[in-house]
Amino acid sequence: MSLSISARSVEQLEFGQILNLVQSYCKGTAAKNMALELPFQTNLEILTQELRQVLDVKMMITQRESLTYFEYEDVGDALYMLSKSGYVLEVEDVLRILHVLQNYQTFIDHFKGERKARYANYFALGEIAGYSAKPISIISRVFDEKGNVRSNASPELAKIFKKIESISRTIDRTFDDILKRYKNSNFLSDSVESVRNGRRVLILPAENKRRIEGVIQDQSSTGKTVYLEPQETLTLNNELNSLESEKRAEVYRILRALSAELAEHRELIIEIQHRLVQLDIIRAKGVLSHRIDGALPKLSDEVKLHLIDARHPILVLQEESSQIKTVSFDLKLKGDNRLLLISGPNAGGKSVTLKACGLIHLMLYYGLLVPVHEDSEIGMFRQIYTDIGDQQSIDEGLSTYSSHLHNLREILEHATDRTLVLLDEIGSGTDPKLGGAIAEGVLESLLYKKVFGIVTTHYSQLKVYAFRKKGIVNGAMLFDKDNLAPTYRLKVGKPGSSYAFEVAKKVGLDDYVLRYARKKVGKKENQIEELLIDLQEGKAILDEQLSYVDRERKQLDTLIKNYDDMSKQYEIKRKKLQIKAKELEMKRANDENLELQQLINKLEKEKNLEKIRKLKDDARSKRARESNDIIELKQTVVAQKDENEVIRVGDYVKMLDGDLSGEVLKIQNDKATVLFGLMQMEVAIADIRLANTQLEIKTNKSINIKGVAFESNFSPKIDIRGYKITDAEATLEEFFDKALLNNARNLEIVHGKGKGALRKLVLHKIKEYKDISSYHHAADERGGDGVTYVVM
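These numbers come from a predicted model, not from an experiment.

Each value, and the rule that gives it
- Throughout this description, residue numbers start from 1 for each chain and increase along the sequence as written.
- Per-residue local features are limited, in this predicted model, to residues with pLDDT of at least 70; the limit for side-chain atom pairs, both in listing and counting, is 80 or more; totals at the level of whole chains, interfaces and linings are taken over all residues.
- For the side-chain quantities, the full set of heavy atoms in the structure was used; hydrogens and water were omitted.
- Working definition: helices are DSSP H or I runs of at least four residues, strands are E runs of at least two. Numbering for both runs from the N terminus.
- Relative accessibility under 20% of the residue-type maximum defines a buried residue, over 50% an exposed one, and the middle range a partly exposed one, all with a 1.4 Å probe and only protein chains included.
- Residue contacts follow a heavy-atom distance rule, with two residues in contact if any of their heavy atoms lie within 4.5 Å.
- What makes two strands pair is DSSP finding at least two bridges between them.
- For helices, the fitted axis covers only the stretch in contact; all axes are lines through C-alpha atoms, and the angles between them, taken along N-to-C directions, range from 0 to 180 degrees.
- The rule is short: rings of Phe, Tyr and Trp, with Trp giving its six-membered ring, pair when the centres are within 6.5 Å, and they are stacked under 30 degrees, edge-to-face over 60, tilted in between.
- Just so you know, the count uses Lys and Arg for positive and Asp and Glu for negative, and it drops His and the chain ends.
- Criterion for a salt bridge: a side-chain nitrogen of Lys or Arg within 4 Å of a carboxyl oxygen of Asp or Glu.
- Two N or O atoms count as a polar contact when they lie within 3.5 Å, although within protein this holds only if one can serve as hydrogen donor and the other as acceptor, and sequence-adjacent residues are included solely when both atoms are side-chain atoms.
- Side-chain atoms within 4.5 Å link the members of a nonpolar core, which is a set of buried Ala, Val, Leu, Ile, Met, Phe, Trp, Tyr and Cys residues.
- We call a crossing left-handed when the near helix sits turned anticlockwise from the far one by less than a right angle, and right-handed when that turn is clockwise.
- Note that Gly is not counted as nonpolar here; it falls among the polar residues with everything else outside the nonpolar set of Ala, Val, Leu, Ile, Met, Phe, Trp, Tyr, Cys and Pro and the charged set of Asp, Glu, Lys and Arg.
- Comment: arc refers to directions from the helix axis out to C-beta atoms.

1. Examining the overall build of the protein chain
- From N to C terminus, the protein chain includes 23 helices and 25 strands.
- Relative to its 792 residues, the protein chain shows a buried fraction of 40%.
- Restricting to contacts in the protein chain with at least 6 residues of sequence separation, those with at least 24 account for 69%.

2. Here's the deal with the sheet that holds strand 24 (residues 774-777)
- Overall, mixed pairing links the four strands, which are arranged 22-23-25-24 in an open sheet. Two strands in the sheet have a free side with no partner beyond their single neighbour: strand 22 (717-719) and strand 24. Averaged over all neighbouring strand pairs, the angle between strand axes comes to 15 degrees, with direction disregarded.
- Sheet topology note: the strand 23 (residues 746-750)/strand 25 (residues 787-791) ladder contains five bridges and is antiparallel. If you follow Glu748 over to strand 25, its bridge partner there is Tyr789.

3. A look at the sheet that holds strand 2 (residues 199-205)
- Spatial strand order, 1-2-4-3: four strands in an open sheet with antiparallel pairing. Every other strand in the sheet has two partners, leaving strand 1 (193-196) and strand 3 (214-219) as the edge strands with one partner each. Direction aside, neighbouring strands of the sheet carry axes that sit 45 degrees apart on average.
- Of the strand pairs in this sheet, strand 3 and strand 4 (residues 225-230) are connected by five bridges, and their pairing is antiparallel. Bridge pairing in strand 4 links Val215 to Glu229.
- Across the sheet, helix 10 (residues 155-183) touches strand 1, strand 2 and strand 4, and the angle it forms with strand 2 is around 15 degrees.
- Along the sheet face, helix 11 (residues 231-264) touches strand 2, strand 3 and strand 4 and points at about 70 degrees away from the line of strand 4.

4. Looking at the packing of aromatic side chains
- This structure, assessed with the given rule, holds 13 aromatic pairs.
- Between the aromatic rings of Tyr104 and Phe107, the centroid separation amounts to 5.6 Å while the plane-to-plane angle is 40 degrees, which identifies the pairing as tilted. Taken together, the residues Tyr104 and Phe107, both in helix 6 (residues 91-110) and three residues apart, mark about one turn of the helix. There is no split in this pair, since Tyr104 and Phe107 are both buried.

5. A closer look at the side chain of Asp280
- Relative to the helices and strands, Asp280 is located in helix 12 (residues 266-291).
- Among buried Asp, Glu, Lys and Arg side chains, Asp280 stands out as unpaired, with Arg283 the closest opposite charge at 4.7 Å.
- Of note is the side chain of Asp280, whose polar atom sits 2.8 Å from the side chain of Tyr72.
- Each residue touching Asp280, except ones within four places of it in the same chain, is listed here: Tyr25, Cys26, Lys27, Gly28, Ala31, Tyr69 and Tyr72.

6. Things to note about the nonpolar core
- Phe15, Ile18, Phe40, Phe107, Tyr122, Leu307 and Leu331 are the most contacted members of the largest nonpolar core, which totals 104 residues.
- Contacts of Phe15, omitting those with residues within four sequence positions, involve Val10, Phe40, Leu359, Leu362, Met363 and Tyr366.

7. Description of the environment of Ile212
- Structurally, Ile212 can be placed in the loop between strand 2 and strand 3.
- Looking at Ile212, the relative accessible area reads 4%, which means it is buried.
- For the pair Ile212 and Tyr182, spaced 30 residues apart in sequence, the C-alpha to C-alpha distance is 8.8 Å.
- Not counting residues up to four positions away in its chain, the partners in contact with Ile212 are Tyr182, Phe187, Leu188, Leu202, Leu204 and Leu228.

8. Details of the packing of helix 2 (residues 15-25) against helix 14 (residues 350-366)
- Look at helix 2 against helix 14: their axes get within 10 Å of each other, and the N-to-C directions meet at 35 degrees. Of the two elements, helix 2 crosses helix 14, and the hand of that crossing is right-handed. Along the contact surface, helix 2 presents Phe15, Ile18, Leu19 and Val22, while helix 14 presents Leu359, Leu362, Met363 and Tyr366.
- Residue classes in the contact of helix 2 with helix 14 are distributed as eight nonpolar, no polar and no charged.

9. Notes on the environment of Ala153
- Of note, Ala153 is situated in the loop between helix 9 (134-140) and helix 10.
- Residue Ala153 is classed as partly exposed on the basis of its relative accessible area, which comes to 21%.
- With 101 residues separating them along the chain, Ala153 and Ile254 place their C-alpha atoms 7.6 Å apart.
- Setting aside its immediate chain neighbours within four residues, Ala153 contacts Arg141, Val142 and Ile254.

10. Focus on helix 2
- Listing the buried residues of helix 2 in full gives Phe15, Ile18, Leu19, Val22 and Tyr25. For helix 2, the arc enclosing every buried residue in end-on projection is 125 degrees, short of the 170-degree limit, so these residues lie on one face.
- Packed against the buried residues of helix 2 are helix 1 (7-12), helix 3 (29-35), helix 12, helix 13 (313-322) and helix 14.

11. Overview of the packing of helix 6 against helix 12
- Between helix 6 and helix 12, the least distance of the axes is 10 Å, while the angle of their chain directions is 60 degrees. The element helix 6 and its partner helix 12 pack so that their crossing is left-handed. On helix 12, the residues touching Ile97, Val100, Leu101, Asn103, Tyr104 and Phe107 of helix 6 are Ile269, Ile272, Gln273, Arg275, Leu276 and Leu279.
- In terms of residue class, the contact of helix 6 with helix 12 is made up of nine nonpolar, two polar and one charged.

12. Here we look at the pattern of salt bridges
- Applying the stated criterion across every chain yields a total of 35 salt bridges.
- A salt bridge links Arg199 to Glu229; the shortest N-O distance between them is 3.1 Å. Residue Arg199 is found in strand 2, and its partner Glu229 is found in strand 4; the two are separated by 30 residues along the sequence. Side by side, Arg199 and Glu229 carry an identical accessibility label, which is buried.
- Of the charged contacts in the structure, one is a salt bridge between Lys304 and Glu377, with a shortest N-O distance of 2.9 Å. Of the two residues, Lys304 sits in the loop between strand 5 (298-300) and strand 6 (305-310) while Glu377 sits in strand 9 (residues 377-379), which places them 73 residues apart along the sequence.
- Residue class for Lys304 comes out partly exposed when judged on its relative accessible area of 27%.
- Exposure remark for Glu377: the relative accessible area of 23% places this residue in the partly exposed category.

13. Description of the environment of Gly756
- For Gly756, the location among the structural elements is in the loop between strand 23 and helix 23 (757-768).
- Judged by its relative accessible area of 2%, Gly756 falls in the buried class.
- Spatially, the C-alpha atom of Gly756 lies 8.9 Å from that of Asp785, the residues being 29 residues apart in sequence.

So, in structure tokens, the structure goes:
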């Protein structure tokens, strides 16, 4: 899924400069061409994968482990022709293919040992299953390191090279002898020899050309000088030419055989070139990302606008030459606020901030790391619309303002809730009141469509609109009043002033002009602007206070809920104690029954039937009352369970008749398999209820009752590896105390093996607690002597 953005917007955000840099860092022609055609990617999974590959390259450069490819050409046409039966590659084609293969082999050789795992994302991009370097060996068998055909590429070629070398030496000796013979005869010119048509020739005045037997190969433009090949070397040169023809024929035969061999590996070579182009582009992106110190922010498939320490990428690149540090900015639109209205002085950085935001998004979607803090959050917009700068079009007969309106109409027609809009100086180019009113209408429409965006303005009425309207927030480019200079810093939450009079005074505008202008504007305009700023600041404070009250209310609600839950639990425990007391009474009654039976037996012997009947009736009534009491108490305990609650796998549950809690592993029919500590039990679903184990209380908070802290999220596992003995001892004591207070049964202590000091400390502490019934070490596959299990 690619981003929808016009070529005009890409140009306005100056993305072309970024694109040219990426292209310049590519080594291959295919990569250079493809870099210009890559789409803006908004598929979160694909984009994340590519950015991690770029991050690997940046890390390699930072760690001085960078991988550099050498220049190579596209071999697509040659590989296509190689699919034709009997096609013979030209020498240049073979060498181009060799360069591609050698580049890929450089990649393979670079990622050996730890690098393969350390830069796994980049390596995975280039890795080819079943890769073989055979095509390189095939070509290297024929061509040497300089790209020349080896003289021993075949036995026949070796013979031809040997003959050529022998005849060449003979020709040189013969020519040298001839040169000595005629050197002192005054037949030759001052420059005695030269080379014509690849042959050594004598240089003679034209009048001496018949004094030496041979063939004229050339003459000067004036005709006064001739270049003559002696007859003695002519025959030898003809023989040499014949051998050269034989060599060319043999080289052609070798190339035909080589082409046939390479054709067998054609699919592999195609895949290698494809991977190399991808690797080359990612490497180029990594080089640029390193130059701008780019980071990988948090990505979201939702639309978000949260930039931290963001800087304009092009200004960052210019830091190297200008030595001027780029000012960063923070920008976050949260909650219902989706539009930011930035105001402030001219040349204060409004447009730069707006463009930086747009360019950062384009670069990220293109697959580049961006100059922001890694905690920044960037969402996947589907469209980006811009209206920046002078849009006057002579060809279409449009003025600047008409062109702005044309762009705004197009934006309003197509913008959705997944659109990012960047509007610079909205409403400018016409009467301020009319332009401001239309601009306000545009903002109203954008808010209705739930569009995200940044808008810059000088209009006070738009600042007031942003103050009053929900969904849009004011922002200001700060200004140094003392030095009358912009700071280029963005402040979200308050409108900015244009500081027109202050700037005009600084540049030396006539005082008369300034006095006239101030009088014309009047005090009310400035007072309104100052009042607006004060109101905005007050509103921000009030919003923060309301937010604080809301957080406190939620925390109070949570505490009340926790209190109610604990009250119910204590009521259940009280009833359980009553049940146990009744059961003890019944047990004692059973003991009394033995004595009663003995008395009845005695009375039967005495035949006192009336007394026997009364004793039996009294005993039966007493047992019935006690049994009914127990049943009623148990029913009140069971009644604490919500009839509508649904227990699922993964839920934490508690037994109705006890404090034991655990995690549901499996549910089958009316039974549930629950993990209680380290022990699994199958229990009836009717005997368990959902446990309140995930209260919304921070881990460092607890409910204190008479100095004792009960923690709802106590973990029965602790890891003390790496602790000092004193720290470990204090931690263990606190751990055991909390376990007792939270009625924990099974504990797990990870202390590691090492020299055994921590293990001895754990055993020593266990002996200090009489509440610990037993302990044992884990099985070998679970840590052996490095883990101790404790049963409370």
